Amino acid sequence: MRAQMEQDARVEHVWREFLTRGVTEDQRRLRILLKMLPGDPRCKNCYVPFRGAGSGFARAILRKYPSNLNPQLCNSCEEFARKYPGGAEVELSLLFADVRGSTNLAESMGTRQFSRLISRFYATATDVMGRSNALIDKIIGDQAAAMYVPGMAGPEHALRALEAGQEILRATGHSRSEGPWIPLGVGVHTGIAYVGAVGSRDGSIDITVLGDVANTAARLASAARVGEILISDAAYTAAGANYGSLETRSLDLKGKSQPVVVHVMALAALISEAS
């Protein structure tokens, strides 16, 4: 019993170090050597080269290559999850992008055309999420989600998530006069949540976020109108950005005992004010 408690404490410590600092102690020592390998681009955390002269050695000997969680990071995240099953509670920010009216879209477009549209949405959203140093959390149905943890996105993780939400709306045409090529609503929320490895019977491992923070972020995205970003009060305060007098709403979200106050950012309105 005591040995198990000590092991659990060790795993939690390693996870917290990884989530808040980006690399573990072992990885910090390794990246001193990896920086010596020639090549570019590199993993943002451990500096292993993905292309160039050193990338062949990295793949063949070190078994390192771009991660499925973020193509700007190497697969150390997945390896880390397998080595340390468990997790830790940390403060982070979450970004959810939700396709609005997806059922009607599917009915009007047909299966094949709708599938292509959703694939384009996934590619666009995950590209933005990856470039903003997020960990891709979920791609399910008509929704894409990302985690912004301090170890990857830095201490300004809330601002990174908010900026990524704006970029996703721009990339999908919400700032154009003719309208978006896919209608989206976005939710951003900040809070303390459990982040860790979740396994399945077939042995696959995924890193995900669990708890109320994730549920709230998802429901904010579902409640957003087309072209809107609903920002929880916690995320807005943590971002520390000055966007002027945004509209505020009090929402009754499923599973919440109290109304949730959100700040409403409409991308089209922001661009109109700027011009």
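Everything below is about the structure shown above.
Residues numbered from 1 in each chain as written. Predicted model: local features only at pLDDT ≥ 70, side-chain atom pairs only at ≥ 80, totals over all residues. Heavy atoms only, no water.

> Describe the pattern of salt bridges, with residues and values.
Within this structure, the stated rule accounts for nine salt bridges. The shortest N-O distance in the salt bridge between R100 and D98 comes to 2.5 Å. Owing to a relative accessible area of 5%, D98 belongs among the buried residues under this scheme. The partner of E167 in a salt bridge is R170, with the nearest N and O atoms 3.7 Å apart. Here E167 and its partner R170 are both found in helix α8 (residues 157–171), three residues apart, which amounts to about one turn of the helix. Within the structure, one salt-bridge network assembled from shared partners comprises E156, R160 and E163. (Salt bridge = Lys/Arg side-chain N within 4 Å of Asp/Glu carboxyl O. Buried < 20%, exposed > 50% of the residue type's maximum accessible area, 1.4 Å probe, protein only. Helix = DSSP H or I, 4+ residues; strand = E, 2+ residues; numbered from the N terminus.)

> Hey, could you go over the nonpolar core for me, with residue numbers and the actual values?
Membership of the largest hydrophobic core comes to 39 residues, with the highest contact counts inside it found for W15, L94 and M147. Apart from residues lying up to four places away in sequence, W15 is in contact with F80, A81, Y84, P85, G86, G87, A88, V195, G196, A197 and I207. (Core = buried A, V, L, I, M, F, W, Y, C linked by side-chain atoms within 4.5 Å. Contact = heavy atoms within 4.5 Å.)

> Lay out the packing of aromatic side chains with the relevant residues and their values.
Inspection of the entire model under this criterion finds two aromatic pairs. An angle of 90° between the planes, with centres 6.1 Å apart, marks the rings of W15 and F18 as edge-to-face. Here F18 and W15 lie together in helix α1 (residues 2–21), a separation of three residues that amounts to about one turn. Residue class for W15 comes out buried when judged on its relative accessible area of 0%. In this structure, R120 is placed above the aromatic ring of W181, and the distance from its NZ or CZ to the ring centre is 3.7 Å. (Phe/Tyr/Trp six-rings, centres within 6.5 Å; stacked < 30°, edge-to-face > 60°. Lys NZ or Arg CZ within 6 Å of the ring centre and 35° of its normal.)

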